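Coordinate inspection notes
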Amino acid sequence: MEALLEDLWDIFDSNDHDGDKVKSSIALDAFPGLGKTTSALAFAKRLHRREIAEAGELTEAGFERWPVCRVGLTANTGMRDFNRAILEFYGHPGRFRGTAADFGYRALDCVLSCEAKLLIVDDLHFLHWRNRSGVEVSNHFKYIANEFPVTLLMIGVGLKTRGLFNEGEDFEDAVLAQTGRRTTQLGMEPFTVQTEQGRRDWRAMLLAVEQRLVLADRYPGMIADDLSDYLFARSTGHIGSLMTLINRGCQKAVRTGRTTRLPKGRAESSN
């Protein structure tokens, strides 16, 4: 995950230029259960803390500084719904009534007032790119890149096959292709233990998880050493399955007072 975070920092910091320049976007495209949302939120957390530490909790105008905005999409999301989701994130009182344009202006006002710098759009695969709402939101992404002083981070599954990066010859393909050409595509792969580097990465992940456990009988190496092989066999290197196992194991440890066994049954993948 650290390599992905490094890429995100490189792209985000390179977008720190005058507002009249179009900022490049990021598409995090990978299979479910690999920790896309987890990685994006980890980056967002670090970015939020950095911006607050450097610029303070309040803007010069006295508004709360919110460096990151995160919204999710559904299959029926249109431009009005998308703008309203931004207003919901900020708790704007004008999020209940208005046109798509009204919501758009209010969303821009929120972003400018709170000096947001990163806009995360999750579950982008729910959007039907080929229908009217898909093209509308794609056009709106271009508007955001032009007018909003933010880096757009889009997260989804199979975005390339769904048409985000198409270079087709008809008009709709050309509209989507313009968004794709302005977007840097990043991916994620499951952890592996076939190579020495893969084993080091897997252990580093388990150590990071181990450090965040809050259990009375926690001891060094409980996960990274004693349960490394077991957790890889059960999760096949997918972080979604790994965290499901960890969460269930912690719950059982709290309930039974034992920390030596995890629940039986293969964990379901989760994003």
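For the structure itself, consult the block above.
Before going into details, it helps to say that this report is about the structure given with it. Keep in mind it's a predicted model, so treat the numbers as computed, not measured. All chains use their own residue numbering, which begins from 1 and follows the written sequence. Whole-chain, interface and lining totals are the exception, using all residues; otherwise, since this is a predicted model, local features are given only for residues with pLDDT of at least 70 and side-chain atom pairs are given and counted only at 80 or more. Hydrogen atoms and water are omitted, and side-chain values are computed over all heavy atoms in the structure.

Notes on the sheet that holds strand β4 (residues 151-156)
DSSP bridges decide pairing: two strands pair if at least two such bridges lie between them. Elements are defined by DSSP. Helices are runs of H or I of four residues or more, strands are runs of E of two residues or more, and each kind is numbered from the N terminus. Taken in spatial order, the five strands make up an open sheet running β2-β3-β4-β1-β5, and their pairing is parallel. In this open sheet, the two strands that pair with only one neighbour each are β2 (68-72) and β5 (183-186). Neighbouring strand axes in the sheet, compared pairwise and without regard to direction, differ in orientation by 20° on average. Direction of pairing for strand β1 (residues 25-29) relative to β5: parallel, over a ladder of four bridges. Opposite Ile-26, over in β5, you have Thr-184 as the bridge partner. We call two residues contacting when some pair of their heavy atoms lies within 4.5 Å. Here the axes come from fitting lines to C-alpha atoms, over the contacting stretch only for helices, and the angles between their N-to-C directions go from 0 to 180 degrees. The strands that helix α3 (residues 79-90) touches are β2 and β3 (118-122); relative to β2, the one it contacts most, it runs at about 130°.

Quick look at the side chain of Glu-210
Mapped onto the fold, Glu-210 is located in helix α7 (residues 196-211). Think of it in three bands: residues with accessible area under 20% of the maximum for their type are buried, residues over 50% are exposed, and the middle band is partly exposed, with areas taken using a 1.4 Å probe on protein chains only. His is not counted here, nor are the chain ends, while Lys and Arg score as positive and Asp and Glu score as negative. Think of a salt bridge as a Lys or Arg side-chain nitrogen and an Asp or Glu carboxyl oxygen that are within 4 Å of each other. No salt bridge is formed by the buried Glu-210. Its closest oppositely charged neighbour is Arg-218, at 6.4 Å. Whenever two N or O atoms come within 3.5 Å, that pair is a polar contact, provided that in protein one can donate a hydrogen and the other can accept it, and provided that, for residues adjacent in sequence, both atoms are side-chain atoms. Here the side chain of Glu-210 touches Gly-221 through a polar contact of 2.8 Å, landing on its backbone nitrogen.

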